[in-house]
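A structural walkthrough
As a plain string of letters, each chain reads:
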Amino acid sequence: MKLYRVLQSQGFGSRKVSVARIRAGEVAVNGAVCDDPEAEFDPAALELALDGVSWPYREKAYVLMHKPAGYECSHHPSHHPSVFSLLPPHLLQRGVQCVGRLDQDTTGLLLFTDDGQFIHRMISPKKGVAKVYRAVCADPVTDAMLEALRKGVQLNDEPAPIAALACEPLDVRTLRLTLAEGKYHQVRRMIGATGNRVEALHREAVGHYALPADLAPGSWRWLEADDLKQLEQPWPSAMS
Ligand code: URA
């Protein structure tokens, strides 16, 4: 791949910008400055540095964010700032999208990628990738409520009742709910269908990958190969 294309693919700007950066001597390859935008390299075996900072080449971008409350998962938010405003320009330039959406007041694990097939694998109910939520309810969590969520509750516009993959109380008003799907407002609607109401909602995990405890709200981080494996591992009972 030509060097200017490598830069473009990593989100460092248009062809023109990439060519100019290379010509200006800002780019080093395998330890030496390369000022030829047309120089050919195998991107997978490339040690790239921009302005002296090393940059591992990533064919696709996989990123997680600790979504803070008060941000919308939209490029055109209506009432709150966009989660995309928390990402750096190189990820926006690559065109990363949210993998499913969280409501503006929901916090927790939110994924972004520029890999459309990955988005499909993560959100298709057939793939069995679970989403794990912690919900604080307005009223106490009862055994009847847990039973209803495990057996299935009927939501408006759904052909059949939807059951949680797992459901456990955490304290008097808090429960952990594990779902196979990601339908619109699904947790709020399921809990609403039991006669209770969600007051606060946090996504703890996707698949077998939990939000890292040291990732502050509003921060993001790259996902590495091992993280992706944990994310895509199906929930055993989702596949039965
Ligand atoms: N279910 C909801 O109701 N809201 C979310 O943000 C995510 C799942």
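Residues numbered from 1 in each chain as written. Predicted model: local features only at pLDDT ≥ 70, side-chain atom pairs only at ≥ 80, totals over all residues. Heavy atoms only, no water.

1. Here we look at the site of the ligand
To keep things clear, this is the line we draw: Put simply, a residue is near a molecule or strand once any heavy atom of it comes within 4 Å of that molecule or strand. Polar contact criterion, stated in full: a pair of N or O atoms within 3.5 Å, where within protein one must be able to donate a hydrogen and the other to accept it, and residues adjacent in sequence count only if both atoms are side-chain atoms. Secondary structure elements follow DSSP: runs of H or I of four or more residues count as helices, runs of E of two or more count as strands, with numbering from the N terminus.
With respect to spatial proximity, the complete set of residues near the ligand consists of Leu102, Asp103, Thr106, Tyr133, His185, Gln186, Val187, Arg188 and Leu201. At 3.0 Å, a backbone N or O of Arg188 approaches an oxygen atom of the ligand. For the shell around the ligand, the element with the highest residue contribution is helix α6 (residues 186-193), accounting for 3 residues.

2. Some words on the packing of helix α4 (residues 116-123) against helix α7 (residues 225-232)
Applicable threshold: Axis definition: a line fitted to C-alpha atoms, over the contacting stretch in the case of helices. Angles run 0 to 180 degrees between N-to-C directions. Oblique is the label for any angle not under 35 degrees, not over 145, and not in the 65 to 115 range, which are roughly parallel, roughly antiparallel and roughly perpendicular in turn. Note on definitions: a residue-residue contact is assigned when non-hydrogen atoms from the two residues lie within 4.5 Å. For this scheme, ten residues count as nonpolar: Ala, Val, Leu, Ile, Met, Phe, Trp, Tyr, Cys and Pro. Four count as charged, namely Asp, Glu, Lys and Arg, and the remainder, Gly too, count as polar.
Two elements in contact, α4 and α7, have axes whose closest approach is 10 Å; the angle formed by their N-to-C orientations is 40 degrees. Viewed along their axes, α4 and α7 adopt a mutual orientation that is oblique. Across from Phe118, Arg121 and Met122 in α4, the residues of α7 making contact are Leu228, Leu231 and Glu232. When its residues are assigned to classes, the contact of α4 with α7 shows 4 nonpolar, no polar and 2 charged.

3. Brief notes about the domain arrangement of the chain
Many analyses report the size of an interface as the accessible area lost when the parts associate. In plain terms, the rule: Where each domain starts and ends comes from a domain assignment, either automatic or drawn from a database. Summed over both partners, the accessible area (1.4 Å probe) lost when two parts come together is defined as the buried area. For this document, the term salt bridge refers to a Lys or Arg side-chain nitrogen within 4 Å of an Asp or Glu carboxyl oxygen.
Domain annotation for the chain reports domain 1 (3-56), domain 2 (62-125 + 208-239) and domain 3 (130-206). Computed over C-alpha atoms, the centres of domain 2 and domain 3 are 21 Å apart. Here domain 2 packs against domain 3, burying approximately 1400 Å² in sum over the two surfaces, 49% of which is carbon and sulfur. For domain 2, the biggest contributors to the area lost against domain 3 are Asp103, Leu109 and Trp235; these three give 31% of the whole. Linking domain 2 to domain 3 there are 2 salt bridges. Two residues, Arg188 and Asp105, come together in a salt bridge whose shortest N-O distance is 3.1 Å. The interface formed by domain 2 and domain 3 holds 12 residue pairs in polar contact (both at pLDDT 80 or more) in total. At the level of secondary structure, the elements contributing two or more residues to the side of domain 2 that touches domain 3 comprise β7 (107-113), α4, β12 (209-210) and α7. Among the elements that line the side of domain 2 that touches domain 3, the one with the most residues is β7, at 5 residues. Here the residues of the side of domain 2 that touches domain 3 are counted per class, giving 14 nonpolar, 7 polar and 2 charged.

4. Here we look at the side chain of Thr113
Assignment of secondary structure puts Thr113 in strand β7. Within the structure, Thr113 has its side chain in polar contact with the backbone oxygen of Ala61 (distance 2.7 Å). Excluding residues that lie within four positions of it along the chain, Thr113 makes contacts with Ala61, Tyr62, Gly95, Val96, Gln97, Val99, Phe118 and Ile119.

5. Some thoughts on the packing of aromatic side chains
Using the following cut-off: Planes of paired rings set the category: under 30 degrees apart is stacked, over 60 is edge-to-face and the rest tilted, where pairs are Phe, Tyr or Trp rings (Trp by its six-membered ring) whose centres lie within 6.5 Å. A 1.4 Å probe rolled over the protein chains alone gives each residue an accessible area, and that area as a share of the maximum for its type sets the label: buried under 20%, exposed over 50%, partly exposed in between. Only Lys NZ and Arg CZ are tested; either one counts as a charge over a ring when it is within 6 Å of the ring centre and within 35 degrees of the ring normal.
Per the counting criterion, the structure on display carries 5 aromatic pairs. Measuring from ring centre to ring centre gives 5.5 Å for Phe84 and Phe112, while their planes differ by 75 degrees; the resulting arrangement is edge-to-face. Taken together, the residues Phe84 in the loop between β5 (62-67) and α3 (89-93) and Phe112 in strand β7 connect sequence positions 28 residues apart. Overall, the relative accessible area of 1% leaves Phe112 in the buried class. For the ring pair Trp220 and Trp222, a centre distance of 5.6 Å and an interplane angle of 80 degrees mean the geometry is edge-to-face. Overall, the relative accessible area of 17% leaves Trp222 in the buried class. Taken together through their ring pairs, the aromatic side chains of Phe12, Trp55, Trp220 and Trp222 make up a single cluster. For the cation-ring pair, Arg15 lies above Tyr4, with the distance from its terminal atom to the ring centre recorded as 4.7 Å. In this arrangement the basic side chain of Arg58 is found over the ring face of Trp222, its NZ or CZ atom lying 4.1 Å from the centre.

6. Here we look at α7
We count it as follows: In this description, the arc belongs to the directions extending from the helix axis to the C-beta atoms.
Within α7 the residues assigned to the buried category are Asp227, Leu228 and Leu231. Seen end-on, α7 carries its buried residues on one side only, within an arc spanning 100 degrees. Turned more than 90 degrees from where α7 packs its buried face, Ala225, Asp226 and Lys229 sit exposed. Buried residues belonging to α7 abut β5, β7, α4, β11 (198-206), β12 and β13 (220-222).

7. What about the pattern of salt bridges?
Once their charged atoms are close, side chains differing in charge can pair, the charge on each being opposite to the other. All chains considered together, the criterion is met by 17 salt bridges. In this structure, Arg221 and Asp214 form a salt bridge, with 3.2 Å as the shortest nitrogen-oxygen distance. Here Arg221 falls in the partly exposed class, since its relative accessible area comes to 28%. Asp214 sits in the exposed class, given a relative accessible area of 59%. A single network of salt bridges, built from pairs that share partners, joins Arg134, Glu168, Arg176 and Glu204.

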